[in-house]
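# Observations on the model geometry
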Amino acid sequence: MKNGIEQGLFRNDINLKLISRFYATGINGIRNAELFNPIQFNNLEVQKNFLEYHLRGICTQQGINYIETNIKIKVNNNE
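Predicted model, so just to flag it, every value in this text is computed and none were measured.

What counts, and at which threshold
- Note that residues are indexed from 1 along each chain, following the sequence as it is written.
- Local features are withheld for residues below a pLDDT of 70 in this predicted model, meaning they are given only at 70 or higher, and side-chain atom pairs are given and counted only at 80 or more; totals for whole chains, interfaces and linings count all residues.
- Note: side-chain values were computed over all heavy atoms of the structure, leaving out hydrogens and water.
- Put simply, buried Ala, Val, Leu, Ile, Met, Phe, Trp, Tyr and Cys residues joined by side-chain atoms within 4.5 Å make one nonpolar core.
- Relative accessibility under 20% of the residue-type maximum defines a buried residue, over 50% an exposed one, and the middle range a partly exposed one, all with a 1.4 Å probe and only protein chains included.
- Put simply, DSSP H or I for four residues or longer makes a helix, DSSP E for two residues or longer makes a strand, and each gets a number counted from the N terminus.
- In this description, contact between two residues means that some pair of their heavy atoms is separated by no more than 4.5 Å.
- Residue count minus one, scaled by 1.5 Å, sets the expected span of a helix.
- This arc describes the spread of directions from the helix axis toward the C-beta atoms.
- What qualifies as a polar contact is a pair of N or O atoms within 3.5 Å, subject to a donor-acceptor requirement within protein and to the restriction that residues adjacent in sequence count only when both atoms come from side chains.

## Quick word on the nonpolar core
Judged by nonpolar contacts, Phe10, Ile14, Ile19, Leu55, Ile58, Cys59, Ile64 and Ile67 together constitute the single largest core of 8 residues. For this core, the secondary structure elements donating two or more residues are helix H3 (43-58) and helix H4 (61-78). Once residues lying within four places of it in the same chain are set aside, the contact partners of Ile14 are Met1, Ile5, Ile19 and Ile58.

Set out below in structure tokens:
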């Protein structure tokens, strides 16, 4: 995360200790089959959406642009 801040991709006003714990807690949470029943929710979709949700919260506009460009490239390559 420090590298991302230095590169201007992540906001420099985030509390790294808190954000890393938020992320770890979220990752453990999305593995909970009672909350995210695999019959109802595709595991890969849950992971992708969680990661995008997390990144959009900590990214600068430059970082968001990077995400959106890479998501579009990946989506277009999978078509």
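That shown, we press on.
## Considerations on helix H2 (residues 16-30)
Taking 1.5 Å of rise per residue, the 15 residues of H2 would be expected to cover 21 Å, and the 21 Å separating its terminal C-alpha atoms lies within 8% of that figure. Turning to H2, its buried residues are Ile19, Gly26, Ile27 and Ile30. Along the long axis of H2, the arc covered by the buried residues comes to 100°, so they all point the same way. The exposed residues of H2 that point more than 90 degrees off its buried face are Lys17, Arg21, Thr25 and Asn28. Buried residues in H2 make contact with H3. Among the residues of H2, the N-terminal cap falls to Asn15, whose side-chain oxygen and the backbone nitrogen of Lys17 are separated by 3.1 Å.

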